[in-house]
Amino acid sequence: MCGIVGYVGKQKASAILVEGLKRLEYRGYDSAGVALMESGSINVTKKTGRVENVAASVYKNNSPAHLGISHTRWATHGGVTDTNAHPHLSSDGKIALVHNGVIENYESLRRFLEGEGCAFLSQTDTEVFCNLIAYNYRELPEPEPGAERLIEAVRQSARMVEGTYGIAVICTDCPEDIVGARKGSPLCLGVGHGENMIASDVSAFVGRTQNVVYLDDGQIVHLNAEDFSITTTGSEAVSPVIDTIDWKIEEAELGRFTHYMEKEIFEQPVALENAMRGRFSDDESTAKFGGLTLDSYQWRQTDRLLFCACGTAWHACMTAKYLIERYARIPVEVEYASEFRYRNTPMDKNTVVFVISQSGETLDTLEALREAQRKGFRVLGITNGVGSTIARETDGGIYQHAGPEIGVASTKAFTSQILITGMIALHLGRMRDLSFSDGRDMVRAFRSLPGLISQVLDQADKIKVIAEKYADYADMLFLGRLSMFPIALEGALKLKEISYIHAEGYPAAEMKHGPIALINEQCPSVVLSPHGETLKKVLSNIQETRARKGKVIAITSAGKDFPEDAADDVIHIPQAHDCVMPILATIPLQLFAYYIACVRGCDVDKPRNLAKSVTVE
Ligand code: G6P
């Protein structure tokens, strides 16, 4: 959803900005641009396409500028054109702005500014915001032209716009300064030695500094090479808290892998190990979490849990429902965050709300969290985004510690979310019905996960061969029962996101109530067929499919109980405790989608139209 980066220091700004943009490209990649402060004037280079596109021109110019702002775009207002790309310049040429978010009242502001003589080049809300700042800069009675006046102009404009923004602004009157502000879109400050940076996300500057200040909504930051200060839109001074980023730049490098998605799939044994570290009791019978802010008495009073999220994280919520209801026997409701915000969801007074978000910045999830808090509910978060807005606004929660996830299609974050919800099921179950020995069995199962996942990953070559056979189909069904149903949904989502094959997930038995009409030799099904009570039923569903000439790829943990000739292709996963089966079944689906997308020549890490972190409604 757009990434912004600003740099001021002693180095050449262009290379640092381009490098930062490349690291933020997961946020949007339909166009990119850089504005550099050169001898008191602003030089803008912007183009449609990937950051690489604009990088070539920026490098060619070889500007000596040591201050600049930059942007990678995911279009909201105005088509994908060079003109609509950011940075935007004010019509007097004095001010340049990059923006992540949506200005909702831009049409009325535009009319007002046109009345004041402003000429607009683009269709964007951002150009309106830029000219509004320029207008206020001109009109303010004081202070003198310069950084202080720019800060006041941003403050004044922030009060006039409705909507969301994370912005970075520069002005020719103060060529050593950048001003940033946020409301609803993420923004953080990288505090360096003799240089400072501003960005949508720490990954833009993590190679240069590990020191970060996460800005809050309603804050305005001013930075130059040596210093920074933060105030609010209400003109109050803010004492900054400098945090340390807990991961290193190497973790965000591709290494021996071709794509980030591939790398992140193979990182799952480690990511899950990290999610478990220090989180089991000494007697290995339950899970413990420092960040869950309810005591055991309060948990026992909790009658209901409500889980909210978007996309893949919503599938993690659905899996949580199966795990928590089974092991902790607490009713769990699952809502799309975007729906919860506007629905009158009946809320029992003893409900605890969980939000799940890899990035910790998804706006719909954030707004659902705020709405639940407004209603007086305690909201806990599960997020991979350390210091993210969701992490800061929840009343407690659990960090995933999965390391940076860069591929747009979520993989290691998803399995780590399921693991954490399984551990929550154990934690709550042990306060209720679950016996000591059942608790120990679950801990043993969780602990065995990294090894079991590695066994599945060892089959990557075999899965690749199977994937290649199915790469040319236009439609596919994913079927699974009970806790395999949300995994079927996730398998279908992975495939459609990165390969553009139409795919649907269904509870396996539900197939005969409609989707079976789609089955023919052109529509294969991926059927999750774990060992246990539903195996026979799922085998029947497979027969129903094959009787209609539908090809079947089965993923099974049933070993010899799954006849090899029951499906066209069979992928075996280890037989383990039911509480970890959703995770084990996910891995082949990720690899299957990944290899199909590769065969089809798709841009795996940056699928069309998508962005990893969606910070607009
Ligand atoms: C976007 C991404 C999805 C992701 C969803 C929620 O739609 O494309 O991959 O699952 O946002 O993201 P979050 O960061 O909140 O988990």
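Residues numbered from 1 in each chain as written. Predicted model: local features only at pLDDT ≥ 70, side-chain atom pairs only at ≥ 80, totals over all residues. Heavy atoms only, no water.

Visitor: Could you give an account of the sheet that holds strand S15 (residues 243-244), with specific residues and numbers?
Guide: As summarised here, the arrangement of the eight strands in space is S3-S2-S4-S1-S10-S9-S11-S15, forming an open sheet in which the pairing is antiparallel. A single partner strand is all that each edge strand has here, and the edge strands are strand S3 (41-48) and S15. For strand S9 (residues 188-191) and strand S11 (residues 211-214), the ladder comprises three bridges, and the chain directions are antiparallel. Its bridge partner lying in S11, Cys188 is registered against Tyr214. Packing against the sheet, helix H1 (residues 13-24) makes contact with strand S1 (3-8), strand S2 (31-38), strand S4 (67-73) and strand S10 (196-199), and its axis sits at approximately 155 degrees to S1. Across the face of the sheet, helix H2 (residues 51-61) comes into contact with S2, S3 and S4 while running at roughly 145 degrees to S3. (Pairing = 2+ DSSP bridges. Helix = DSSP H or I, 4+ residues; strand = E, 2+ residues; numbered from the N terminus. Contact = heavy atoms within 4.5 Å. Axes fitted to C-alpha atoms, helices over the stretch in contact; angles between N-to-C directions.)

Visitor: Describe the site of the ligand, naming the residues involved and giving the relevant values.
Guide: For the ligand, the set of nearby residues contains 13 residues, the closest of which are Thr312, Ser357, Gln358, Ser359 and Thr362. Thr362 is positioned with one of its side-chain polar atoms (N or O) 2.5 Å from an oxygen atom of the ligand. Between an oxygen atom of the ligand and a main-chain N or O atom of Val408, the distance comes to 3.4 Å. (Near = heavy atom within 4 Å. Polar contact = N/O pair within 3.5 Å; in protein donor to acceptor, adjacent residues only side chain to side chain.)

Visitor: Can you break down the packing of helix H15 (residues 460-469) against helix H18 (residues 581-599) residue by residue, with the values?
Guide: Closest axis-to-axis distance for the H15/H18 pair is 8 Å, and the angle between their directions is 55 degrees. Of the possible angle classes, the one that applies to H15 and H18 is oblique. In terms of crossing hand, the pair formed by H15 and H18 is right-handed. Residues Ala460, Ile463, Lys464, Ile466, Ala467 and Glu468 of H15 touch H18, and the partners they reach there are Pro588, Leu591, Phe592, Tyr595, Ile596 and Val599. (Parallel < 35°, antiparallel > 145°, perpendicular 65-115°, else oblique. Left-handed = near helix turned anticlockwise from the far one by under 90°.)

Visitor: Break down the pattern of salt bridges for me, citing the residues and quoting the values.
Guide: The full count for this structure, using the stated rule, is 31 salt bridges. Where Glu226 meets Lys10, a salt bridge forms, and the shortest distance between an N and an O atom there is 3.0 Å. Of this pair, Glu226 sits in the loop between strand S12 (219-223) and strand S13 (228-232) while Lys10 is found in the loop between S1 and H1, placing the two residues 216 residues apart along the sequence. Per residue, the accessibility class of Glu226 equals that of Lys10, and both read exposed. The closest approach of N and O atoms between Lys94 and Asp173, which form a salt bridge, is 3.1 Å. Within this pair, whereas Lys94 is found in the loop between strand S5 (88-89) and strand S6 (95-100), its partner Asp173 is found in the loop between strand S7 (165-171) and strand S8 (178-183), the two being separated by 79 residues in sequence. Each of Arg182, Asp217, Glu367, Arg370 and Glu393 takes part in salt bridges that share partners, so that together they form one network. (Salt bridge = Lys/Arg side-chain N within 4 Å of Asp/Glu carboxyl O. Buried < 20%, exposed > 50% of the residue type's maximum accessible area, 1.4 Å probe, protein only.)

Visitor: A description of the packing of aromatic side chains should follow, citing residues and the corresponding values.
Guide: Going through the model one piece at a time under the given rule, you end up with 10 aromatic pairs. With a centroid separation of 6.4 Å and 10 degrees between ring planes, the pair formed by Trp299 and Phe354 is classed as stacked. With Trp299 in helix H8 (residues 296-301) and Phe354 in strand S18 (residues 351-357), this pair connects stretches of sequence that are 55 residues apart. With a relative accessible area of 0%, Phe354 lands in the buried category. When the ring of Tyr470 is compared with that of Phe592, the centres are 6.4 Å apart and the planes differ by 55 degrees; the resulting orientation is tilted. Of this pair, Tyr470 sits in the loop between H15 and strand S21 (475-480) while Phe592 is found in helix H18, placing the two residues 122 residues apart along the sequence. (Phe/Tyr/Trp six-rings, centres within 6.5 Å; stacked < 30°, edge-to-face > 60°.)

Visitor: Report on the pairing of strand S16 (residues 304-309), specifying residues and quantitative values.
Guide: The buried count for S16 comes to six of six residues, which makes it a mostly enclosed element. Note: S16 against S18, five bridges, orientation parallel. In the sheet register, Leu306 faces S18, and the bridge partner there is Val353. With five bridges joining them, S16 and strand S17 (residues 332-336) adopt parallel strand pairing. In the strand pairing of S17, Leu306 is matched with Glu333. Running through helix H9 (residues 311-327), the crossover from S16 to the neighbouring parallel element S17 is right-handed. (Right-handed = clockwise from strand over helix to strand, strands pointing away.)

Visitor: Requested: an account of helix H11 (residues 363-374), with residues and values cited.
Guide: Because an α-helix packs 3.6 residues into every turn, residues spaced three or four apart end up facing the same way. The end-to-end C-alpha separation of H11 is 16 Å, in line with the 16 Å expected for 12 residues at 1.5 Å each. Check the buried side of H11 and you find it contacts S16, helix H10 (337-340), S18, strand S19 (379-383) and helix H12 (389-393). Note on H11: the residue one or two positions beyond its end, Gly376, has a positive phi of about 95 degrees. (Expected span 1.5 Å × (residues − 1).)

Visitor: How would you summarise the sheet that holds S17 if you had to cite specific residues and measurements?
Guide: An order of S17-S16-S18-S19-S20 is seen for the five strands of this open sheet, with the pairing classed as parallel. Looking at which strands have only one partner, the edges of the open sheet turn out to be S17 and strand S20 (397-399). In this sheet, neighbouring strand axes are inclined to one another by 20 degrees on average, regardless of whether the strands run parallel or antiparallel. Sitting on the sheet, H11 is in contact with S16, S18 and S19, with an inclination near 165 degrees to S18.

Visitor: Provide a residue-level description of the packing of helix H14 (residues 436-457) against H18, including the pertinent values.
Guide: Contact geometry for H14 and H18: axes closest at 10 Å, N-to-C directions at 30 degrees. It follows from the interaxial angle that H14 and H18 lie roughly parallel. Considering how the two elements wind past one another, H14 and H18 form a crossing that is right-handed. Residue-level inspection shows Leu449, Leu452, Ile453, Val456 and Leu457 of H14 in contact with H18, the latter providing Ile583, Leu584, Ile587, Pro588 and Leu591.

Visitor: So, the nonpolar core: which residues are in play, and what are the values?
Guide: Counting 99 residues, the largest nonpolar core has Phe307, Phe446 and Phe592 as its most contacted members. It is H18 that contributes the most residues to this core, 13 residues altogether. With residues up to four places along the chain from it excluded, the contact list for Phe307 reads Cys317, Ala320, Ile324, Val332, Glu333, Val334, Glu335, Phe354, Ile356, Ile382 and Thr421. Within the second largest apolar cluster, 34 residues are counted, among which are Ile16, Ala32, Val34 and Ile245. (Core = buried A, V, L, I, M, F, W, Y, C linked by side-chain atoms within 4.5 Å.)

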